[in-house]
There are 2 protein chains.
Amino acid sequence: MSFPSIDAARLIGRIRELGEIGRDAEGRLTRLAGSDNDKAGRNRLVAWIEAAGLDVAVDQIGNIFGIWRSEENSGEAPIMLGSHIDTVINAGIYDGCYGVLAALEVIETLKDRGVTPARPIVVAAFTNEEGVRFAPDMLGSLVYAGGLPLDAALATIGTDGSSLGEELERIGYAGNIEPGFLKPHAYVELHIEQGPVLQREGFSIGAVENLQGISWQRVTIDGVANHAGTTPMAMRSDAGLAAARVGLFLREHIARSNAPSVATIGTMRFEPDAINVIPSRAAFTVDLRDPDEDRLQALEAALADFLVRIGAEEGVTISVERLARFQPVAFDQGIVAAVEASAKARGLKSRRMTSGAGHDAQMIARIAPTAMIFVPSRDGISHNPREHTEPDDLVAGANVLLDVVERMVSGR
Amino acid sequence: MSFPSIDAARLIGRIRELGEIGRDAEGRLTRLAGSDNDKAGRNRLVAWIEAAGLDVAVDQIGNIFGIWRSEENSGEAPIMLGSHIDTVINAGIYDGCYGVLAALEVIETLKDRGVTPARPIVVAAFTNEEGVRFAPDMLGSLVYAGGLPLDAALATIGTDGSSLGEELERIGYAGNIEPGFLKPHAYVELHIEQGPVLQREGFSIGAVENLQGISWQRVTIDGVANHAGTTPMAMRSDAGLAAARVGLFLREHIARSNAPSVATIGTMRFEPDAINVIPSRAAFTVDLRDPDEDRLQALEAALADFLVRIGAEEGVTISVERLARFQPVAFDQGIVAAVEASAKARGLKSRRMTSGAGHDAQMIARIAPTAMIFVPSRDGISHNPREHTEPDDLVAGANVLLDVVERMVSGR
């Protein structure tokens, strides 16, 4: 038998077109939330949504929605599909954008085929999923799910000192609709794996049944600035060396614990940051993740104990600020089963798996049955220009999403 | 018997007045070479030199000279005294400025006493001694001594992307006199110790007989940017963790070697510098110093070997750029003896010592007999707002300089 399919050329063409928006002189792709590049990407997406004949809605935190509804189904809770289109610095073209554009593609395909869905279908693009410029990440979907007050979210100050609310106003995406205005009947997010598992094990579809917990902290270590040439090594309080021990401790601790935990120190600042001055301050972020809440808490506790220890051993003072904390999330088994059923019917190898990354789906899971679909990432590389997924895999994932949605809206 | 003395109130008043020039809103003192704050400090110094009735000269690298000469002695090689008035970021008020203002004070004292020196006496303030904005440090005196071509020095690009030559033009201190235009008969630099030795051992005068060697390098480590949540710890090439190992290695290596070597990583940059991205690049500076050239070379070799090792162990590529390299310098024994004799005559406890910091004196030593005089630094703290020297020590050091100069110009 033959299966309906999305328009592969249209989907892949849009992913590549959006991926050209926001490149600098060196060709680096960067669309940080609320930036001019973000505005350009949003404008392109809204134009596609309008061209598809959908209603465009923007809420007060800047989340964009393309709504397909009819007089008959407008009273029903909608099926929501989506992800985000903001990026990290020097990003690839698939992270987030694939899920948003595939959702739009699924809706257009159903429209083109004359399907009359029993429920509205909505494509959503959530604000500041990456969290590079504004913390926490997944901010737009968090606010939409009621997990963070709108006012607090709009007042968030970015790494460049700007406020998210002012930036959304500036780029014309501070909407007037209240976040959460649509309560989904279900939410499904299609995304690249951003990890090596599917490719390494030869699967083309991941039926994502849960998502690991995430802990973000900012650690600030204060030592004593002093002359690099005249201060004996034994008489120093070097904030930089104390910071160096933290990352190495986390790596060794996880290796010893044999857990799937991951720990990353992605940002680092020295003060005064001069060649011939011992650093008086080192400020850095710590990203800890584990699929198990108890293990994640144990890892956080081990870090806290170690910071106390180096405070004494290095003669430094240490302060810690929590930037974000999300518990592991379990997704809806019914939707996960529908993903597996579609893959099986289409002859696509699939496996159940845990998401290592944070996604908007973990926020929407608070207000609606939710699951995710993963497709392979070459070499597991993401947040990098070398991020890549084969066109066949992109199409296969979008078609599985099409099946899952069609089953939901046909009430089967 | 009683000894002539400099004007204590005038000297200390000027040090404090100059120390108020270049403070930001938080009260942090910063006069980086070629900056607007540097210009303001230079203007203040030049006004004092003119008020003292000296000839002002500015050479092509921006070094400032105040020249006291007469028709009788203008044919003789001058005695040069000085240091620098540029500062690090968030600096103290004594580093460099004390030596320049005490030199001016010595000249004014001799003038006021009607002394007729057998040689001209010159106060010098050298450009960019700190090297915070432009590398290498001690650049102005290095060019003056013929150790770096003028064109190359003027073309130096600063941490903010500016060029030293353009900045000197901008602030009005790109002079037209050729560096080295005055070949000193002798050069003496008075400076705070910037280390803990004199205070800890109860000496008020250091007769500095040599200066340790300095090696500055920039190390760039390239790993692979990847997603912080989905990349297992064992599959990472984390440039930040590789960088962390370098500083800790240097500290352990020096502790094992039992040498007086010091090693400092004062600057650090991560790329892309995002919370949820494994660092693809860590770039940092390494400052190595030792009074013995062989030991300094051995330390450089140990670092080079370790970088090769972590390149393999961490799966990263490493490149090294040499920023500056100066061998240890031996000063003039005759001047050192004169410093000791003056201290002894005045009943001041003195000891011979090695300078741990780099100073303009090590450059001028290439073209003239040179030595330095140190006074105590409280707790050895320098390059820090808490840098402090007791007024009595400031006056004692200036009076020893006065004696040494008077002996030289009287031909005794």
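Here the structure is a predicted model, which is why all the values come from computation and not from measurement. (Residues numbered from 1 in each chain as written. Chains lettered and ligands numbered in written order. Predicted model: local features only at pLDDT ≥ 70, side-chain atom pairs only at ≥ 80, totals over all residues. Heavy atoms only, no water.)

Caption draft 1: Spotlight on the interface of chain B and chain A. Listed per partner, the contact involves 61 residues of chain B and 62 residues of chain A. It is B:Met233, B:Arg251 and B:Ile275 that lose the most area in chain B upon contact with chain A, and together they represent 14% of the buried surface on that side. At the junction of chain B with chain A, the criterion picks out four salt bridges. Across the chain B-chain A interface, the total number found is 24 residue pairs in polar contact (both at pLDDT 80 or more). Breaking the side of chain B that touches chain A down by element, the ones donating at least two residues are α8 (239-257), β8 (262-264), β9 (268-271) and β10 (281-290) of chain B. Considering every element that reaches the side of chain B that touches chain A, the biggest residue donor is α8(B), with seven residues. (Contact = heavy atoms within 4.5 Å. Buried area = accessible area lost by both parts, 1.4 Å probe. Salt bridge = Lys/Arg side-chain N within 4 Å of Asp/Glu carboxyl O. Polar contact = N/O pair within 3.5 Å; in protein donor to acceptor, adjacent residues only side chain to side chain. Helix = DSSP H or I, 4+ residues; strand = E, 2+ residues; numbered from the N terminus.)

Caption draft 2: Quick peek at the relation of the copies chain B and chain A. Rotating chain B by 180° and translating it 0.0 Å along the rotation axis places it on chain A, where the RMSD comes to 0.0 Å. Taken together, these values place the two copies in the relation of a two-fold axis. Residues of chain B ranked by C-alpha distance from the rotation axis are headed by B:Ala244, positioned 2.2 Å from it. (Least-squares fit on C-alpha atoms with pLDDT ≥ 70 in both.)

Caption draft 3: Inspection of the UniProt feature "domain: Peptidase M20 dimerisation" (unreviewed entry) in chain A at higher detail. Within the UniProt annotation, "domain: Peptidase M20 dimerisation" (unreviewed entry) is assigned to residues 212-308 of chain A. This span, residues 212-308 of chain A, is 36% helix and 28% strand, and a straight line between its end C-alpha atoms measures 27 Å. (UniProt positions renumbered as here; feature names shortened; annotations may be inferred.)

Caption draft 4: Fine view of the packing of helix α10 (residues 333-346) of chain A against helix α12 (residues 391-409) of chain A. All names here are of chain A. One way to put it is that α10 packs onto α12 with a least axis distance of 9 Å and a crossing angle of 120°. Here α10 lies oblique to α12, going by the angle between them. Along this stretch, α10 crosses α12, giving a crossing that reads as right-handed. Counting all contacts with α10, which are made through Ile-335, Ala-338, Val-339, Ala-341, Ser-342, Ala-343 and Arg-346, the residues of α12 involved are Asn-399, Val-400, Leu-402, Asp-403, Val-404, Arg-407 and Met-408. Looking at side-chain class alone, the contact of α10 with α12 contains nine nonpolar, two polar and three charged residues. (Axes fitted to C-alpha atoms, helices over the stretch in contact; angles between N-to-C directions. Parallel < 35°, antiparallel > 145°, perpendicular 65-115°, else oblique. Left-handed = near helix turned anticlockwise from the far one by under 90°. Nonpolar A, V, L, I, M, F, W, Y, C, P; charged D, E, K, R; others polar.)

Caption draft 5: Molecular detail of the packing of aromatic side chains. Counted under the stated rule, the structure contains 14 aromatic pairs over all chains. When the centroid spacing of 6.3 Å and the interplanar angle of 80° are considered together, the rings of B:Tyr144 and B:Phe181 count as edge-to-face. In this pair, B:Tyr144 sits in helix α4 (residues 139-144) while B:Phe181 sits in the loop between α6 (164-171) and β5 (186-192), placing the two residues 37 residues apart along the sequence. Residue B:Tyr144 is classed as buried on the basis of its relative accessible area, which comes to 3%. One aromatic cluster is present, formed by A:Phe65, A:Phe126, A:Tyr144, A:Phe181 and A:Tyr187 through successive ring pairs. Positioned above the aromatic ring of B:Phe203 is the side chain of B:Lys349, whose terminal nitrogen or guanidinium carbon lies 4.5 Å from the ring centre. (Phe/Tyr/Trp six-rings, centres within 6.5 Å; stacked < 30°, edge-to-face > 60°. Buried < 20%, exposed > 50% of the residue type's maximum accessible area, 1.4 Å probe, protein only. Lys NZ or Arg CZ within 6 Å of the ring centre and 35° of its normal.)

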